[in-house]
Amino acid sequence: MTPDLLAELLDDANHGPAHSVRAALARVDGQPHPRVAALTAHLRAVKHETWVAVTAAAGQAPPPDDAGLTRLMAWEVTATRALPPEALARPLGSTGPTVQDALLALARHTVWHAGQIAALARRPLLV
């Protein structure tokens, strides 16, 4: 796997046309279900926490602390592309997963929560 491929996966999970966080949030119409706010806050926290660990392992600047979910999703795609290929094999901390495995898990986690948000949305998906 390369940083560009990982960036594409994260970009699709974040911004893709059908099954992404952006697409799920676009389906929310009217007063959103209370769980939507909880899911987006959780996703933002997990992304930020993961990226603090990834950037520490890769020797890069961490994500902005004040970034909300939308800004953080754009930031992480750019940051993934900027990772040196050798950083993908580095572990997070002394016993954690590799950077690559952490980012693959983050992409899966993102799509999972996009599905949960979409299920709570009131507007039907028209694809």
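This text goes with the structure placed above it.
Quick look at the structure, then. (Residues numbered from 1 in each chain as written. Predicted model: local features only at pLDDT ≥ 70, side-chain atom pairs only at ≥ 80, totals over all residues. Heavy atoms only, no water.)

### Topic: a nonpolar patch on the surface
Logical step 1: Where nonpolar side chains cluster on the molecular surface, the patch consists of Met-1, Leu-5 and Leu-9 and spans about 270 Å² of accessible area.
Logical step 2: Relative to the elements of secondary structure, Leu-9 occurs in helix H1 (residues 3–15). (Patch = residues over 30% accessible without salt bridge, like charges linked within 9 Å, V, L, I, M, F, W, Y side chains within 5 Å. Areas by Shrake-Rupley, 256 points an atom, 1.4 Å probe, with all protein chains shown as cover. Salt bridge = Lys/Arg side-chain N within 4 Å of Asp/Glu carboxyl O. Helix = DSSP H or I, 4+ residues; strand = E, 2+ residues; numbered from the N terminus.)

### Some remarks on the environment of Leu-5
Logical step 1: In this structure, Leu-5 sits in helix H1.
Logical step 2: Exposure remark for Leu-5: the relative accessible area of 41% places this residue in the partly exposed category.
Logical step 3: When the C-alpha positions of Leu-5 and Val-46 are compared, they lie 21 Å apart, and in sequence the two are 41 residues distant. (Buried < 20%, exposed > 50% of the residue type's maximum accessible area, 1.4 Å probe, protein only.)

### So, the packing of aromatic side chains
Within a pair of aromatic rings, the relevant descriptors are the distance that separates the centres and the angle that separates the planes.
Logical step 1: What the rule picks out here adds up to one aromatic pair.
Logical step 2: Measuring from centroid to centroid gives 5.2 Å for Trp-51 and Trp-75, while their planes differ by 90°, and the two rings are edge-to-face. In this pair, Trp-51 is assigned in helix H3 (residues 34–58) and Trp-75 in helix H4 (residues 69–81), connecting sequence segments 24 residues apart.
Logical step 3: The exposure class assigned to Trp-51 is buried, which follows from its relative accessible area of 0%. (Phe/Tyr/Trp six-rings, centres within 6.5 Å; stacked < 30°, edge-to-face > 60°.)

### Focus: helix H5 (residues 99–120)
Logical step 1: For H5, built from 22 residues, the straight-helix expectation of 32 Å at 1.5 Å per residue is met to within 8% by its first-to-last C-alpha distance of 32 Å.
Logical step 2: Those residues of H5 lying buried are Val-99, Ala-102, Leu-103, Leu-106, Ala-107, Thr-110, His-113, Ala-114, Ile-117 and Ala-118. Relative to the axis of H5, the buried residues are bounded by an arc of 145° and lie together on one face. Opposite the buried face of H5, by more than 90 degrees, sit the exposed residues Arg-108, Trp-112 and Ala-119.
Logical step 3: Buried residues in H5 make contact with H1, helix H2 (21–27), H3 and H4. (Expected span 1.5 Å × (residues − 1). Arc of directions from axis to C-beta. Contact = heavy atoms within 4.5 Å.)

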